[in-house]
Number of protein chains: 2
Amino acid sequence: MKRQHTPKITTDLISCESPNTELMHEVMCAQCGRCGRDNKFLREDLEMFTAGVLEAHGAPREEALTTARVLVQADSRGISSHGIARLGRYLKGIEAGYIRPGVEMRTFSPTEALGVIDAHHGLGQVAGEQAMELAIAKAKKTGVGVVTVRNSNHYGIAGYYVQKALEHGMAAFSMTNSAPLVIPTNGAEALLGTNPIAFGIPADKQRPVLVDMATSVVPRGKLEVYDRNRQQMPVGWAVDEFGYDAQNPGRILQNLLERAGGGILPLGGRTEEFGGHKGYGLALMVDMLCGVLSGSAFGSDVNNLNRTDLPQGEIQAPRVGHFFLALDVERFMPASELRSRVDAYVEMLKSSKVALDREMIFVHGEKEQVRAELHEKDGIPIADNVLNALRQIAEKSKVKPPVTLAQRQH
Amino acid sequence: MKRQHTPKITTDLISCESPNTELMHEVMCAQCGRCGRDNKFLREDLEMFTAGVLEAHGAPREEALTTARVLVQADSRGISSHGIARLGRYLKGIEAGYIRPGVEMRTFSPTEALGVIDAHHGLGQVAGEQAMELAIAKAKKTGVGVVTVRNSNHYGIAGYYVQKALEHGMAAFSMTNSAPLVIPTNGAEALLGTNPIAFGIPADKQRPVLVDMATSVVPRGKLEVYDRNRQQMPVGWAVDEFGYDAQNPGRILQNLLERAGGGILPLGGRTEEFGGHKGYGLALMVDMLCGVLSGSAFGSDVNNLNRTDLPQGEIQAPRVGHFFLALDVERFMPASELRSRVDAYVEMLKSSKVALDREMIFVHGEKEQVRAELHEKDGIPIADNVLNALRQIAEKSKVKPPVTLAQRQH
């Protein structure tokens, strides 16, 4: 059933999720309610389209395909805020020169177990894939591989890279820093990114456990949805430029854009009463590994395209940093035993007592994987407004827009 | 100024913190308000007393000293819920036979970078110290060391072990699982521990950054204080056996004791609105590394002394598991550069805009370290009720009670 609406056509981020599904860590379409998602696409078609657009903008074939895979996996898993709705932003970065497809990334190996990649402002997904592959190769040798990445760009969903390690039967971490949106406890100024942590471990009969979470209480997309719907936010999501609770999403977003003070709260909220200092600590931990240790930008310097103090030869660029760790769990016990233990844990959770007003207990990664399985069969739904933006991009890039599943079947 | 009160004399945990200090992650004495802390002690005196008591209960000298160091460091840092107030519990464990001082712990080294320790139900602090030292030694060789511990006991403050790595100029993680007190999102039954994460990285002129946080919204100690004060808890800390918000701390504590359902909420609270699923994910991540991967107990099996399904030869024991990771940051860049970058981050935070109703922004580890520095000079304050319990222990163990600083100076 198509809802009536006139979406603002833009190539910028549009947070929109599949209706009729509960969402683990992003915004639900039911909350936004502005557009239908009647158009579904085969994963391959979306990947080919996305890769084609990136190639038309100068990305080598392999890089275009990698980036497309990461973006479309987000849509497939229902995290469309990190999916192909981002394509417009990436093209903007390529046009402005701070995302450089095809650039040569330099890899250092300080020890057999450690790696450092300088992404030289290339595509974040390309750097991320290369880094996790390196971490996995190192973990195959020494049992654990740690790889940091500097001078990178937005790398999409943190969980994508963990999935790669899971395919090798490994446990893994993936983290990234990001543009400052989050307030430190007692502060009134956004210094920290939403700095996500992803962690995964393989199971046997059950789906692998895959935690993938921003360390902020909500993502920025949630504020955007509330703003579009002219809704007041609950107390505990954001503060104004004085550090006081703020419920007007438009004001917070405007302040963030202008770096005028205020921002989103860390997981746990404004004060220590509900553990806000813990979310702040997690965001700081992620940035210490991704920004400080990697040699990239950190804190309020991430994604700062207006810096004037850059050393000669450095370009104005987001300078995002990532951190990857792959752990060869088979060195700790036989793979089958480890996997059965993860199964047992999942079963313990799934069979435990449910709250009277709830239907079931979810295990991390479960919702996303169920969705991906459904979408693999029935196609990936893309929101109308995203689709409109993609058609504009297709025209501008002289690339054929993706055909819907319905068109394909005719 | 001594407050009038008749503390319940017990050797069990007493959560009590120094007055006049803000506390990063535990309970403040000002909230409890039941006892004075006029008695201060030299760190060495508390360590010698604690070690003496443990020796009198059969612990070898070295093990007794290690355990004493970890417990007293907690008091020194102001985290007295994890300090020598725990001594009574440890003695109970030794008497009951599930804490086995002097037991031989077995160490495996699957690779140069990985280690596994079977603590064979020995003292948690002894296993923890040994494991972190192994991780550091491995990190010196390969740049990173990962060590898991199984069949251990309560290991005290997670941050102690990270401090050890900081002394070697390394960054580190320390995590442990713990008895089930925490509800998974949508659940009505405590399956997860408060499963803390500690992370640290060294600085130069600034104090090292040291995050040390339970993944629950509050520690159990906070409920105990509210119960003692007959205070109603705020909504968002705990749920009853139906999974509904509960504000009666006594009822929740009773339910937890009887494993009757309900419990403490994960960081982020009861629902996904404020990110409760994220705290749940973090607790699960910690247990996957500490319980599942180590080969120890996990989920509701941790600390379960009433199991009837144990394989032959295994004893009824808490079977707590830990996870340690040491990272030789100097392999990534010169130590001086890394440390200056951490300094710069701390300075960025400390100089950023403070909320109008707050006084300053704290960086993780700062409050605890300031307190430890003060206590090193002026003595460590011990709450009257803890002191009474310690005097009972001293008498029973035929060990001289510690002399106060005032007594020493006479």
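Thresholds applied
Residues numbered from 1 in each chain as written. Chains lettered and ligands numbered in written order. Predicted model: local features only at pLDDT ≥ 70, side-chain atom pairs only at ≥ 80, totals over all residues. Heavy atoms only, no water. Helix = DSSP H or I, 4+ residues; strand = E, 2+ residues; numbered from the N terminus. Rg over C-alpha atoms; globule rule 2.2 N^0.38 Å. Buried < 20%, exposed > 50% of the residue type's maximum accessible area, 1.4 Å probe, protein only. Contact = heavy atoms within 4.5 Å. Areas by Shrake-Rupley, 256 points an atom, 1.4 Å probe, with all protein chains shown as cover. Lys, Arg positive; Asp, Glu negative; His and termini not counted. Charge placed at Lys NZ, Arg CZ, Asp CG, Glu CD. Expected span 1.5 Å × (residues − 1). Pairing = 2+ DSSP bridges. Axes fitted to C-alpha atoms, helices over the stretch in contact; angles between N-to-C directions. Patch = residues over 30% accessible without salt bridge, like charges linked within 9 Å, V, L, I, M, F, W, Y side chains within 5 Å. Salt bridge = Lys/Arg side-chain N within 4 Å of Asp/Glu carboxyl O. Buried area = accessible area lost by both parts, 1.4 Å probe. Polar contact = N/O pair within 3.5 Å; in protein donor to acceptor, adjacent residues only side chain to side chain. Least-squares fit on C-alpha atoms with pLDDT ≥ 70 in both. Phe/Tyr/Trp six-rings, centres within 6.5 Å; stacked < 30°, edge-to-face > 60°. Parallel < 35°, antiparallel > 145°, perpendicular 65-115°, else oblique. Nonpolar A, V, L, I, M, F, W, Y, C, P; charged D, E, K, R; others polar.

**Student:** Would you mind going over the overall build of chain A with me for this structure?
**Tutor:** In terms of regular secondary structure, chain A is built from 13 helices and eleven strands. Over its C-alpha trace chain A gives a radius of gyration of 21 Å, about what one expects of a compact globule, namely 22 Å for 410 residues. In terms of overall dimensions, chain A has C-alpha extents of about 55 × 55 × 50 Å along its principal axes. Expressed as a percentage of its 410 residues, the buried residues of chain A come to 67%. Residue pairs in contact within chain A that sit at least 24 positions apart in sequence constitute 67% of those at least 6 positions apart. By element, 48% of the accessible surface of chain A is carried by carbon and sulfur atoms, the whole surface being about 14900 Å². Taken as two groups, the 46 positive and 48 negative side-chain charges of chain A have centres that lie 3 Å from each other.

**Student:** Could you clarify how one ought to interpret helix 9 (residues 276–292) of chain A in this entry?
**Tutor:** An α-helix turns once every 3.6 residues. As a result, residues three or four positions apart point the same way. The terminal C-alpha atoms of helix 9 of chain A lie 23 Å apart, and with 17 residues this matches the ideal 24 Å at 1.5 Å per residue to within 8%. Among the 17 residues in helix 9 of chain A, 17 count as buried, and that is most of the element.

**Student:** Help me understand the sheet that holds strand 5 (residues 171–176) of chain B, please; the structure alone is not making it clear to me.
**Tutor:** Remark on secondary structure: sheet strands pair via backbone hydrogen bonds, oriented parallel or antiparallel. Residue and element names in this part refer to chain B. On the basis of which strands lie adjacent, the open sheet formed by seven strands has the order 2-3-4-10-5-6-7 and mixed pairing. Each edge of the sheet is formed by a strand with only one pairing partner; in this case those strands are strand 2 (106–108) and strand 7 (209–213). In this sheet, neighbouring strand axes are inclined to one another by 10° on average, regardless of whether the strands run parallel or antiparallel. In this sheet, strand 10 (residues 320–327) lies alongside strand 5 in antiparallel orientation, the contact comprising six bridges. Within the sheet, the bridge partner assigned to Ala172 lies in strand 10 and is Ala326. Against the sheet, helix 5 (residues 124–142) makes contact with strand 2, strand 3 (114–118), strand 4 (144–152), strand 5 and strand 10, and its axis sits at roughly 160° relative to strand 4, the strand it touches most.

**Student:** When you look at a nonpolar patch on the surface in this model, what are you seeing that I'm missing?
**Tutor:** The grouping of A:Phe242, A:Tyr244 and B:Leu356 at the surface amounts to a nonpolar patch, some 300 Å² of accessible area in total. Inspection of the secondary structure assignment puts B:Leu356 in the loop between helix 10 (335–350) and helix 11 (366–378). With a relative accessible area of 58%, B:Leu356 lands in the exposed category.

**Student:** Would you take a moment to explain helix 12 (residues 384–397) of chain A for this structure?
**Tutor:** All names here are of chain A. Compared with the 20 Å implied by 1.5 Å per residue over 14 residues, the 20 Å span of helix 12 between its first and last C-alpha is a close match. Buried within helix 12 are the following residues: Asp384, Asn385, Val386, Leu387, Ala389, Leu390, Ile393, Ala394 and Ser397. Buried residues along helix 12 sit against strand 1 (39–41), helix 2 (43–56), helix 4 (87–96) and strand 11 (380–382). Following helix 12 by one or two positions, Lys398 has its phi on the positive side, about 55°.

**Student:** I would appreciate a short explanation of the interface of chain B and chain A in the present structure.
**Tutor:** Interfaces are frequently sized by the accessible area removed from exposure as the parts join. Residue-level contacts link 97 residues of chain B with 97 residues of chain A. Between chain B and chain A the total buried area reaches about 8200 Å² when both faces are included, carbon and sulfur atoms providing 68% of it. Ranking the residues of chain B by area buried against chain A places B:Asn186, B:Lys278 and B:Tyr345 at the top, with a combined share of 10%. Linking chain B to chain A there are four salt bridges. Residues B:Lys367 and A:Glu272 are paired through a salt bridge, measuring 3.1 Å at the closest nitrogen-oxygen approach.

**Student:** For this particular structure, what's the right way to read the environment of B:Ser81?
**Tutor:** Residue and element names in this part refer to chain B. Note on placement: Ser81 falls in the loop between helix 3 (61–76) and helix 4 (87–96). Note: C-alpha distance between Ser81 and Leu71 (ten residues apart in sequence) is 9.7 Å. Polar side-chain contacts of Ser81 include one of 2.9 Å to the side chain of His82.

**Student:** Looking at this model, I keep getting lost on the relation of the copies chain B and chain A. Mind explaining?
**Tutor:** At an RMSD of 0.0 Å, chain B and chain A line up after a rotation of 180° and a shift of 0.0 Å along the axis. Taken together, the rotation and translation relating the two chain copies correspond to the operation of a two-fold axis. Judged by C-alpha distance, B:Gly268 is the residue of chain B that lies nearest the rotation axis, at 2.5 Å. When you check the interface residues of chain B against chain A, 100% turn up at the interface there too, and the contact is symmetric in its surfaces.

**Student:** What am I meant to see in the packing of aromatic side chains here?
**Tutor:** When we look at a pair of aromatic rings, we describe it by the centre distance and by the angle of the planes. Under the definition given, this model contains 14 aromatic pairs over all chains. Note on A:Tyr345 and B:Phe298: the rings are 5.1 Å apart at their centroids and 15° apart in plane angle, and the pair reads as stacked. Pair noted here: A:Tyr345 is in helix 10 (residues 335–350) and B:Phe298 is in the loop between helix 9 (276–292) and strand 10, and the two residues belong to different chains. Comparing A:Tyr345 with B:Phe298 shows no difference in burial state: the two are buried. Centroid distance B:Tyr226 to B:Trp237: 5.0 Å. Interplanar angle 70°. Geometry classified as edge-to-face. Of this pair, B:Tyr226 sits in helix 7 (residues 220–228) while B:Trp237 sits in the loop between helix 7 and strand 8 (238–239), placing them eleven residues apart in sequence. Note on B:Trp237: relative accessible area 1%, which makes it buried.

**Student:** Explain the sheet that holds strand 2 (residues 106–108) of chain A to me, please; I cannot follow it from the model alone.
**Tutor:** Read from one edge to the other, the open sheet built from seven strands follows the order 2-3-4-10-5-6-7 (chain A), with strand pairing classed as mixed. Looking at which strands have only one partner, the edges of the open sheet turn out to be strand 2 and strand 7 (209–213) of chain A. Shown here is a sheet whose adjacent strand axes are inclined to one another by a mean of 10°, direction ignored. Here seven bridges tie strand 4 (residues 144–152) of chain A to strand 10 (residues 320–327) of chain A, and the two strands are oriented antiparallel to one another. Residue A:Ser152 lies in a different strand from strand 10 of chain A, and its bridge partner there is A:Val320. The strands that helix 9 of chain A touches are strand 4, strand 5 (171–176), strand 6 (197–201) and strand 10 of chain A; relative to strand 5 of chain A, the one it contacts most, it runs at about 95°. Against the sheet, helix 9 of chain B makes contact with strand 5, strand 6, strand 7 and strand 10 of chain A, and its axis sits at roughly 45° relative to strand 6 of chain A, the strand it touches most.

**Student:** I would appreciate a short explanation of the pattern of salt bridges in the present structure.
**Tutor:** Opposite charge on two side chains permits pairing when their charged atoms draw close. Tallied over the entire structure, the rule returns 40 salt bridges over all chains. Linking A:Arg43 and A:Glu44 is a salt bridge whose minimum nitrogen-to-oxygen distance equals 3.8 Å. Residue B:Arg270 is joined to B:Asp245 by a salt bridge in which the shortest nitrogen-to-oxygen separation is 3.9 Å. Here B:Arg270 is found in the loop between strand 9 (263–264) and helix 9, whereas its partner B:Asp245 is found in the loop between strand 8 and helix 8 (249–258), with 25 residues between them in sequence. By sharing partners, the salt bridges in this structure join A:Arg43, A:Glu44, A:Glu47 and A:Glu376 into a single network.

**Student:** How do you make sense of the side chain of B:Gln73 when you look at a structure like this?
**Tutor:** Secondary-structure assignment places B:Gln73 in helix 3. Discounting chain neighbours no more than four positions away, the residues touching B:Gln73 are B:Ile157, B:Tyr160 and B:Gln163.

**Student:** Would you mind going over the environment of A:Ala158 with me for this structure?
**Tutor:** Residue and element names in this part refer to chain A. Mapped onto the secondary structure, Ala158 falls in helix 6 (residues 158–167). Relative accessible area serves as the criterion here: at 2%, Ala158 is assigned to the buried category. Separated by 141 residues in sequence, Ala158 and Gly299 have C-alpha atoms that sit 19 Å apart. With residues near it in sequence (within four places) discarded, Ala158 still touches Ser174, Pro196, Ala198 and Asp212.

**Student:** Got a minute to help me understand the environment of B:Ser216 in this structure?
**Tutor:** All names here are of chain B. By the secondary structure assignment, Ser216 is in the loop between strand 7 and helix 7. On the basis of relative accessibility, which here comes to 0%, the residue Ser216 falls in the buried class. Taking the C-alpha atoms as reference points, Ser216 and Gly263, separated by 47 residues in sequence, lie 10 Å from one another. Within the structure, the side chain of Ser216 is placed 2.9 Å from the backbone oxygen of Val218, a separation counted as a polar contact.

**Student:** Looking at this structure, I do not really get the packing of helix 3 of chain B against helix 5 of chain B. What am I missing?
**Tutor:** Two quantities define a packed helix pair, namely the angle between the axes and the distance from one axis to the other. All names here are of chain B. Axis separation between helix 3 and helix 5 bottoms out at 8 Å; the angle between their running directions is 90°. One way to sum up the angle between helix 3 and helix 5 is to call them roughly perpendicular. Where helix 3 approaches helix 5, its residues Glu63, Thr66, Thr67, Arg69, Val70 and Leu71 are matched on the opposing element by Gln125, Val126 and Glu129. The residue makeup of the contact of helix 3 with helix 5, split by class, is three nonpolar, three polar and three charged.

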